[in-house]
Amino acid sequence: KTPPERINAMRKIFLTIFAMSMIISCSSNINSIDDAKNAMKEKYPNIKIDSIEQVNNSFFEIIIQDQLYYLTSDFKHLIVGNVIDFETGDNLTENRLKNERVKYLSNINDENIIIYKPEETKYIVTIFTDTSCPYCQKLHNEVDKLLLNNIEIHYVLFSRNGNDDDAYNDMVSIWCSENQKEALDKAFSNNFLETKTCENPIADNYLKARDLKVNGTPMIYMEDGSVIPGYVSSDKIMDALSKIASR
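The rules we used
- Residues numbered from 1 in each chain as written.
- Predicted model: local features only at pLDDT ≥ 70, side-chain atom pairs only at ≥ 80, totals over all residues.
- Heavy atoms only, no water.
- Helix = DSSP H or I, 4+ residues; strand = E, 2+ residues; numbered from the N terminus.
- Buried < 20%, exposed > 50% of the residue type's maximum accessible area, 1.4 Å probe, protein only.
- Contact = heavy atoms within 4.5 Å.
- Areas by Shrake-Rupley, 256 points an atom, 1.4 Å probe, with all protein chains shown as cover.
- Phe/Tyr/Trp six-rings, centres within 6.5 Å; stacked < 30°, edge-to-face > 60°.
- Polar contact = N/O pair within 3.5 Å; in protein donor to acceptor, adjacent residues only side chain to side chain.
- Expected span 1.5 Å × (residues − 1).
- Arc of directions from axis to C-beta.
- 1 Å grid on protein atoms, 1.4 Å probe; cavity = no way out; pocket = protein on both sides within 12 Å on 5 of 7 lines; lining within 4 Å.
- Points joined across faces, edges and corners; volume = space filled by probe spheres on them.
- Pairing = 2+ DSSP bridges.
- Axes fitted to C-alpha atoms, helices over the stretch in contact; angles between N-to-C directions.
- Salt bridge = Lys/Arg side-chain N within 4 Å of Asp/Glu carboxyl O.

A.B. asks: Would you explain the overall build of the chain in this entry?
C.D. replies: The helix and strand inventory of the chain stands at nine helices and nine strands. Taken over 247 residues, the chain has a buried fraction of 37%. Sequence-distant contacts, at least 24 apart, represent 62% of the contacts inside the chain between residues at least 6 apart. Carbon and sulfur atoms provide 49% of the accessible area of the chain, an area that totals close to 15,200 Å².

A.B. asks: Looking at this model, I keep getting lost on the packing of aromatic side chains. Mind explaining?
C.D. replies: Each aromatic ring pair is summarised here by two numbers: the centre-to-centre distance and the angle between the ring planes. Tallied over the entire structure, the rule returns five aromatic pairs. Considering the side-chain rings of Tyr-116 and Tyr-155, the 5.7 Å spacing of their centres and the 90° angle between planes classify their relative orientation as edge-to-face. Highlighted residues: Tyr-116 in strand β5 (residues 114-116) and Tyr-155 in strand β7 (residues 151-157), separated in sequence by 39 residues. A single burial state applies to Tyr-116 and to Tyr-155, both of which are buried.

A.B. asks: Honestly, the side chain of His-140 in this entry has me stumped. Any pointers?
C.D. replies: Counting through the fold element by element, His-140 comes out in helix α4 (residues 134-140). Reaching out from His-140, the side chain makes a polar contact with the side chain of Asp-185 at a distance of 2.7 Å. Once residues within four sequence positions are removed from consideration, His-140 is found in contact with Tyr-116, Tyr-155, Leu-184, Asp-185 and Phe-188.

A.B. asks: Help me out: how do you make sense of helix α9 (residues 234-246) in this one?
C.D. replies: In an α-helix, one turn spans 3.6 residues; hence positions three or four apart end up facing the same way. The terminal C-alpha atoms of α9 lie 18 Å apart, and with 13 residues this matches the ideal 18 Å at 1.5 Å per residue to within 8%. Looking only at α9, the buried set comprises Ser-234, Ile-237, Met-238 and Leu-241. The arc that holds every buried residue of α9, seen down its axis, measures 95°, which confines them to one face. Opposite the buried face of α9, by more than 90 degrees, sit the exposed residues Lys-236, Lys-243 and Ser-246. Residues of α9 that are buried in the fold lie against β6 (123-129), α4, α5 (143-148), β7, β8 (219-221) and β9 (227-229).

A.B. asks: Looking at this model, I keep getting lost on the environment of Asn-150. Mind explaining?
C.D. replies: Note that Asn-150 resides in the loop between α5 and β7. For Asn-150, a relative accessible area of 26% corresponds to the partly exposed category. Taking the C-alpha atoms as reference points, Asn-150 and Pro-118, 32 residues apart in sequence, are found 5.4 Å from one another. Look past the residues within four positions of Asn-150 in its chain and what remains in contact with it is Pro-118, Glu-120, Thr-121, Lys-122 and Tyr-123.

A.B. asks: So what exactly am I meant to see when it comes to the layout of surface pockets here?
C.D. replies: Gaps left between atoms are located by rolling a probe of water-molecule size over the structure's atoms. The space that makes up the largest pocket amounts to roughly 540 Å³. Along its surface, the largest pocket is lined by 19 residues, and Asp-66, Leu-97, Arg-101, Asp-211 and Lys-213 are the ones closest to its centre. Secondary structure elements with two or more residues in the lining of the largest pocket: β3 (67-72), α3 (92-106), β8 and β9. Top element by residues in the lining of the largest pocket is α3. It accounts for five residues.

A.B. asks: Whenever I open this one, the sheet that holds β9 confuses me. Can you help?
C.D. replies: Hydrogen bonds between backbone groups are what pair the strands of a sheet, and the pairing can be parallel or antiparallel. Read across the sheet, five strands follow the order β5-β7-β6-β8-β9 without closing on themselves; strand pairing throughout is mixed. Every interior strand has two partners, whereas the edge strands, β5 and β9, have only one. Looking at each pair of strands side by side, their axes are set apart by 20° on average, direction ignored. Pairing between β5 and β7: three bridges, direction antiparallel. Paired with Ile-114 across the strands is Tyr-155, a residue of β7.

A.B. asks: Would you mind going over the pattern of salt bridges with me for this structure?
C.D. replies: Pairs can form between side chains of opposite charge whenever their charged atoms are close. Summed over the entire model, instances satisfying the criterion amount to 12 salt bridges. Across the pair Glu-152 and Lys-117 runs a salt bridge whose closest N-O atoms are separated by 3.0 Å. With Glu-152 in strand β7 and Lys-117 in the loop between β5 and β6, this pair connects stretches of sequence that are 35 residues apart. For Lys-145, the salt bridge is made with Asp-235, and the minimal N-O distance between the two is 2.9 Å. Here Asp-235 lies in helix α9 and Lys-145 lies in helix α5, a separation of 90 residues in the sequence. Here the residues in one salt-bridge network are Glu-53, Glu-61, Arg-96, Glu-100 and Lys-103, joined through shared partners.

Right under this line is the structure:
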């Protein structure tokens, strides 16, 4: 009878050999992007593929409806989730998502946001905010401290519960006010807002939030595409910005 220790050792050896063979199989068959497109079309003829790019000799990156997938170069495995470079520790998936966020945010027109400018701008953060969100209110209370530390704030107002919500009407009133910042302060302080209407970007901002997968508020975006989901203190925002700048 084989001792349990030997069985375990044999299992470990088998798993190591299996893992090594998987890595070798992923990198040994080098196919082109056209080959990958044809393979996906053959396997999933009814799915619209937005883009396919070759990450390296092991993987193709595939985007389907804003979702990232990875196809191994031997076309045997389709992977959903983060891919991390084992040598460098870089999260290849997050790096790609950051680049996409930067592109998207750069297309948001300054005319459709409320900007708080410090005397001198060192950093810019874009914040998707909702006046009915208590954590957005908490973060808004720290705006002055952020400005004192040369952080410019770009507020994107939207109603996280959709455009049939009271918060939507409040934010339309804020946008249509003669003094938007004063009206925003009032809303975050739960003070009465005079109802106003005009042409506004609030409904469109909801679509932008959906495209960026904003699933909570506040959602804070850095200039490099990094995200801080939810409320954090101004000190932690400054910490995160300093770390990004030092890279």
